[in-house]
Amino acid sequence: MDYLLKSLVNNRNVRCYLARTTNVCNKAIEIHDLWPSAASVLGKTLTITLMMGAMLKDEEALTVKIDGNGPIGLIIADGNARGEVRGYVNNPHVHFSREGKLDDVITIGYNGYIDVIKDLRLREMYTSTVPLQTGNLAKDFTYYFLHSEQTPSLVSLGVTIKEDNTAEICGGIIIQLMPSATEEDIVMIESMENQLKEMSRLLLRHERLEDLMETLFKGNFQILETIPAVFKCPCNKESFARGIATLGAEEIEDIIETDGKAEVVCHYCRSAYNFDKDELKNIKEGLR
Ligand SMILES: [Zn+2]
């Protein structure tokens, strides 16, 4: 089972989000027919989006958009506070490796932007953009947290893709200093950087995330929340009917006359929705 732990560390000066997302990654591979590099990059993006979702409240949600001008194109993920995430990439059929390791930097590119769009249930969306610094997502999100959210953080993400093109493991961690953090907390976080570089190996060695927390923080932590993590797309036929309605009466009439039907495919989950002539007519009538 995939899940995420939200914890406080070191007498409440540090907070930690730890997630295992192997099933989420495998679901994304299955839906989008991802090749290994695309699986690595989307798996990591879904993981960071899930952890950022856990920083939100109730009905709040966020979208992460990454565009590094590399072969994979745009990478998009949506997440919320309930551990639900969905996502896709422009080009799922990319594969670049170097010295036997998947090369995320070549796959993503390193000349572009990360956009984080938060829906905090206010009148307007809250968007922040940072330049993509390296094409290494853990480093780029460390930069994002520092510059957009003024929160010094340590981020590590790990994915291992097997020969049969499924994920053996996928997951990540975000450790953040709270405003009350002391010099001692900063030193502790810095000293963990090397240990956390091998995120996949750490996750493989600990079947339970609680045990990994114990290895990392040696009893000096308090788990606040355990959230099940799942790849879930809430799309339905009604929402796509509303999308067709935005085309306007003239365009819909055109579709009715030329094709007599319409098929719409969801970018996030590849579900196809078919609208026959009568349904299209109903949508058009509804515009009056
Ligand atoms: Zn969908």
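Residues numbered from 1 in each chain as written. Predicted model: local features only at pLDDT ≥ 70, side-chain atom pairs only at ≥ 80, totals over all residues.

**Details of the pairing of strand 5 (residues 84-89)**
Part 1 of the reasoning: Of all six residues in strand 5, six are buried, a share of seventy percent or more.
Part 2 of the reasoning: Alternating residues of strand 5 divide into E84, R86 and Y88 and V85, G87 and V89, and every residue in both groups is buried.
Part 3 of the reasoning: As paired elements, strand 4 (residues 75-80) and strand 5 share five bridges and run antiparallel to each other. Opposite I76, over in strand 5, you have Y88 as the bridge partner. (Buried ≥ 20, exposed ≤ 12 C-beta atoms within 10 Å, placed from the backbone. Helix = DSSP H or I, 4+ residues; strand = E, 2+ residues; numbered from the N terminus. Pairing = 2+ DSSP bridges.)

**Focus on the pairing of strand 8 (residues 113-119)**
Part 1 of the reasoning: Judged from the seven bridges that link them, strand 3 (residues 61-67) and strand 8 form a sheet pairing that is antiparallel. Bridged to D67 within strand 8 is Y113.
Part 2 of the reasoning: The pairing of strand 8 with strand 9 (residues 126-131) spans six bridges and is classified as antiparallel. Its bridge partner being in strand 9, Y113 is matched across the sheet by P131.

**Describing the packing of helix 9 (residues 249-258) against helix 10 (residues 277-285)**
Part 1 of the reasoning: For the pair helix 9 and helix 10, the least separation of the axes is 10 Å and the interaxial angle reads 170 degrees. Compared by their axis directions, helix 9 and helix 10 come out roughly antiparallel. Seen along the crossing, helix 9 lies across helix 10 with a hand that is left-handed. Only K277, L280, K281, I283 and K284 of helix 10 make contact with helix 9, whose side of the interface consists of A249, I252, E253, I255 and I256. (Axes fitted to C-alpha atoms, helices over the stretch in contact; angles between N-to-C directions. Parallel < 35°, antiparallel > 145°, perpendicular 65-115°, else oblique. Left-handed = near helix turned anticlockwise from the far one by under 90°. Contact = placed C-beta atoms within 7 Å.)

**Describing unusual backbone geometry**
Part 1 of the reasoning: Residue D33 is not a glycine yet carries a positive backbone phi of 50 degrees.
Part 2 of the reasoning: Secondary-structure assignment places D33 in the loop between helix 1 (22-32) and helix 2 (36-53).
Part 3 of the reasoning: Overall, the presence of 12 C-beta atoms within 10 Å leaves D33 in the exposed class.
Part 4 of the reasoning: Unusually for a residue other than glycine, N165 sits at a positive phi of about 65 degrees.
Part 5 of the reasoning: Along the chain, N165 turns up in the loop between strand 10 (153-161) and strand 11 (167-177).

**Observations regarding the sheet that holds strand 4**
Two pairing modes exist for strands in a sheet, parallel and antiparallel, and in both the strands are linked by backbone hydrogen bonds.
Part 1 of the reasoning: Pairing is mixed in the open sheet, where six strands are placed in the order 9-8-3-4-5-13. Each having just a single partner strand, strand 9 and strand 13 (230-231) make up the two edges of the open sheet.
Part 2 of the reasoning: Note: strand 3 against strand 4, six bridges, orientation antiparallel. Considered in strand 4, the bridge of K65 is made with I76.

**Thoughts on the environment of I252**
Part 1 of the reasoning: Inspection of the secondary structure puts I252 in helix 9.
Part 2 of the reasoning: Linking I252 and Q176, residues 76 residues apart in sequence, is a C-alpha distance of 50 Å.
Part 3 of the reasoning: When near neighbours in sequence (up to four residues on either side) are disregarded, I252 contacts I244, L247, L280, I283 and K284.

**A word on the environment of E163**
Part 1 of the reasoning: Checked against the element boundaries, E163 lands in the loop between strand 10 and strand 11.
Part 2 of the reasoning: Here the alpha-carbon distance between E163 and Q195, two residues 32 residues apart in the chain, equals 26 Å.

**A few points about the domain arrangement of the protein chain**
Part 1 of the reasoning: Taken as a whole, the protein chain is organised into domain 1 (3-231) and domain 2 (237-285).
Part 2 of the reasoning: Contacts between the two partners involve five residues from domain 1, matched on the other side by four residues from domain 2.
Part 3 of the reasoning: Elements that contribute at least two residues to the side of domain 1 that touches domain 2 include exactly helix 1 and strand 5.
Part 4 of the reasoning: Ranked by residues supplied to the side of domain 1 that touches domain 2, first place goes to strand 5 with three residues.
Part 5 of the reasoning: Along the lines of polarity and charge, the residues of the side of domain 1 that touches domain 2 split into two nonpolar, two polar and one charged. (Domains from an automatic or database assignment. Nonpolar A, V, L, I, M, F, W, Y, C, P; charged D, E, K, R; others polar.)

**A word on the nonpolar core**
Part 1 of the reasoning: In terms of nonpolar packing, the biggest core is built from 70 residues, with L4 and L18 touching the most fellow members.
Part 2 of the reasoning: In terms of residue count, helix 2 provides more of this core than any other element does, nine residues in total.
Part 3 of the reasoning: Setting aside chain neighbours within four positions, we find L18 in contact with L4, L5, I173, L209, L212 and M213. (Core = buried A, V, L, I, M, F, W, Y, C linked by C-beta atoms within 7 Å.)

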